Amino acid sequence: MSQPQEATAPPLHSVSVAGVVVREDGRLLAIRRADNGTWELPGGILELAETPEAGVAREVLEETGIHVEVGELTGVYKNMTRGVVALVFRCKPSGGAERTSAESTAVSWLTPDEVNEWMSEAFAVRLLDALDDNGPHVRSHDGRQLLTP
């Protein structure tokens, strides 16, 4: 007779979305987060009744003041430490004006070199991955650095 299996709780994951907003001159939209001062791409937690594309447009607008046209998925990134899965989309700016918010203390258009200089590897790679056509990319990280499979 087999032993009954213990019920295990399902893993707890959070899904976030982010937009890599690429201007015509190749510069990339970034924010300096109000909570920890790090530079990242605009994004946040996907709401339950929201499509990923709608979530990206909402988050970018809320954090930067920029309206976007959401394009293709460029990557899926999992923070193994926090259990957050991020869906990242390439976007084009379609209006609005840069402004900070309760979540951002600065908004800037960065060159790819500035992205590498100002951001941790786990976030810089999201913007740089969106610039190539070999995606979508799937990567795992610890919140700062990429993890090798």
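A brief report on the enclosed structure follows. The structure displayed is predicted, hence computed values, not measured ones. (Residues numbered from 1 in each chain as written. Predicted model: local features only at pLDDT ≥ 70, side-chain atom pairs only at ≥ 80, totals over all residues. Heavy atoms only, no water.)

**Observations concerning the sheet that holds strand β7 (residues 104-110)**
Logical step 1: The strand order across the open sheet built from three strands is β3-β2-β7, with neighbouring strands paired in antiparallel fashion. Both outer strands of the open sheet, β3 (39-40) and β7, are each paired with one neighbouring strand and no more.
Logical step 2: In the sheet, strand β2 (residues 28-33) pairs with β7 via six bridges, with the strands oriented antiparallel. Considered in β7, the bridge of L28 is made with L110.
Logical step 3: Here helix α1 (residues 52-64) sits on the sheet in contact with β2 and β7, set at roughly 65° to β2. (Pairing = 2+ DSSP bridges. Helix = DSSP H or I, 4+ residues; strand = E, 2+ residues; numbered from the N terminus. Contact = heavy atoms within 4.5 Å. Axes fitted to C-alpha atoms, helices over the stretch in contact; angles between N-to-C directions.)

**As for unusual backbone geometry**
Logical step 1: Along the chain, G135 connects to P136 via a cis peptide bond; the corresponding omega equals 5°.
Logical step 2: As for its position among the elements, P136 is in the loop between α3 (121-129) and β8 (137-141).

**A word on the side chain of T64**
Logical step 1: For T64, the location among the structural elements is in helix α1.
Logical step 2: Judged by relative accessible area, which is 0%, T64 ranks as buried.
Logical step 3: A distance of 2.6 Å separates a polar side-chain atom of T64 from the backbone oxygen of V60.
Logical step 4: The contact partners of T64, leaving out residues within four places of it in the chain, are L29, I31, P42, A97, E98, R99 and V107. (Buried < 20%, exposed > 50% of the residue type's maximum accessible area, 1.4 Å probe, protein only. Polar contact = N/O pair within 3.5 Å; in protein donor to acceptor, adjacent residues only side chain to side chain.)

**Brief notes about the sheet that holds strand β6 (residues 84-96)**
Logical step 1: Read across the open sheet, the six strands follow the order β4-β1-β6-β5-β8-β9; overall the sheet is mixed. The sheet is open, and its two borders are formed by β4 (43-45) and β9 (146-147), each paired with just one other strand.
Logical step 2: Looking at chain direction, strand β1 (residues 14-21) and β6 are connected through eight bridges and run parallel. Bridging from a neighbouring strand, V15 pairs with V85 of β6.
Logical step 3: Where α1 meets the sheet, its contacts fall on β1, β4, β5 (66-79) and β6, and the angle it forms with β5 comes to roughly 110°.
Logical step 4: Relative to the sheet, α3 contacts β1, β5, β6, β8 and β9, its axis offset from that of β8 by approximately 175°.

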